[in-house]
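# Structure assessment
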Amino acid sequence: MIVNPRQLNAYLGIFGVEKMSFLWREYLEQSAQAWEGMEHFDWDARRSRFHNWRSGSLVFGMEDFAVLCTRIEENILKKRFAQLPKQINESKTLYEESILRVKQIMQQMETGHE
């Protein structure tokens, strides 16, 4: 499951539609900037980005992406660099698939449809 709608709905219950929409736009903006500069970041900065994504993505139910972010963060901390380029590419693909699904759910929430 790329996106867990129950988790997303739980945060919706806490924050409400307007706040969730604001958080979503902020998350997308910050993520776009991070992906754009990823190849220029050192490993510690990349680790920080994946750490932040892990936390932020869970608010939107992006569990699979969060799991991969955790794995990447751990590999950076343990200096397992050989597998990281492949994992980072996989995470970008998973991120894009996840945000498409969350966008659909968010649009349904904003218009009041399930």
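The model shown is predicted, which means the values in this text are computed figures rather than measured ones.

To continue, consider the nonpolar core. Counting residues in each nonpolar core, the largest one holds 30 residues, and the members touching the most others are Trp24, Tyr27, Trp53, Phe60, Met62 and Phe65. Listing elements by their share of this core, those giving two or more residues are helix H1 (5–37), helix H2 (43–59), helix H3 (63–77) and helix H4 (84–111). Every residue in contact with Phe65, bar those within four places of it in the chain, is listed here: Tyr27, Trp35, Trp53, Ser57, Ser91, Leu94, Tyr95 and Ser98.

A separate point is the environment of Gln33. Following the sequence through the fold, Gln33 ends up in helix H1. Under the relative-accessibility criterion, Gln33 is labelled exposed at 53%. The spacing of Gln33 and Lys78 is 45 residues in sequence and 26 Å in space, taken between C-alpha atoms.

An α-helical turn contains 3.6 residues, so any two residues separated by three or four positions project in the same direction. Given a rise of 1.5 Å per residue, 15 residues ought to cover 21 Å, and the 21 Å separating the end C-alpha atoms of H3 matches this to within 8%. Within the sequence span of H3, burial applies to Phe65, Ala66, Leu68, Cys69, Ile72, Glu73, Asn75 and Ile76. Of the surrounding secondary structure, the elements contacted by the buried residues of H3 are H1, H2 and H4. Lys79 sits one or two residues past H3 and shows a positive phi near 60°.

Another aspect to go through is the packing of aromatic side chains. The geometry of an aromatic ring pair comes down to the distance between the two centres and the angle between the two planes. Tallying each qualifying case throughout the model produces 13 aromatic pairs. When the centroid spacing of 4.9 Å and the interplanar angle of 65° are considered together, the rings of Trp24 and Phe60 count as edge-to-face. You can see Trp24 sitting in helix H1 and its partner Phe60 sitting in the loop between H2 and H3, a full 36 residues away along the chain. For the pair Trp24 and Phe60, a shared accessibility class is recorded, and that class is buried. A ring pair is formed by Trp35 and Phe50, whose centres lie 6.1 Å apart and whose planes are at 85°; its orientation type is edge-to-face. Here Trp35, found in helix H1, pairs with Phe50, found in helix H2; they are 15 residues apart in sequence, far enough to count as distant. Per residue, the accessibility class of Trp35 equals that of Phe50, and both read buried. Pairwise contacts between aromatic rings join Trp24, Tyr27, Trp35, Phe50, Trp53, Phe60, Phe65 and Tyr95 into one cluster. Lying across the ring of Phe41, Arg49 places its NZ or CZ 4.2 Å from the centre.

On to H1, then. Along its 33 residues, H1 runs just 30 Å from first to last C-alpha, ending more than 12% under the 48 Å computed at 1.5 Å per residue. Largest kink in H1: about 105°, centred on Gly16. With a side-chain oxygen lying 2.9 Å from the backbone nitrogen of Arg6, the N-terminal cap of H1 falls on Asn4.

The rules behind the values
Residues numbered from 1 in each chain as written. Predicted model: local features only at pLDDT ≥ 70, side-chain atom pairs only at ≥ 80, totals over all residues. Heavy atoms only, no water. Core = buried A, V, L, I, M, F, W, Y, C linked by side-chain atoms within 4.5 Å. Buried < 20%, exposed > 50% of the residue type's maximum accessible area, 1.4 Å probe, protein only. Helix = DSSP H or I, 4+ residues; strand = E, 2+ residues; numbered from the N terminus. Contact = heavy atoms within 4.5 Å. Expected span 1.5 Å × (residues − 1). Phe/Tyr/Trp six-rings, centres within 6.5 Å; stacked < 30°, edge-to-face > 60°. Lys NZ or Arg CZ within 6 Å of the ring centre and 35° of its normal. Bend = angle between axes of the 7 residues up to and from the residue. Polar contact = N/O pair within 3.5 Å; in protein donor to acceptor, adjacent residues only side chain to side chain.

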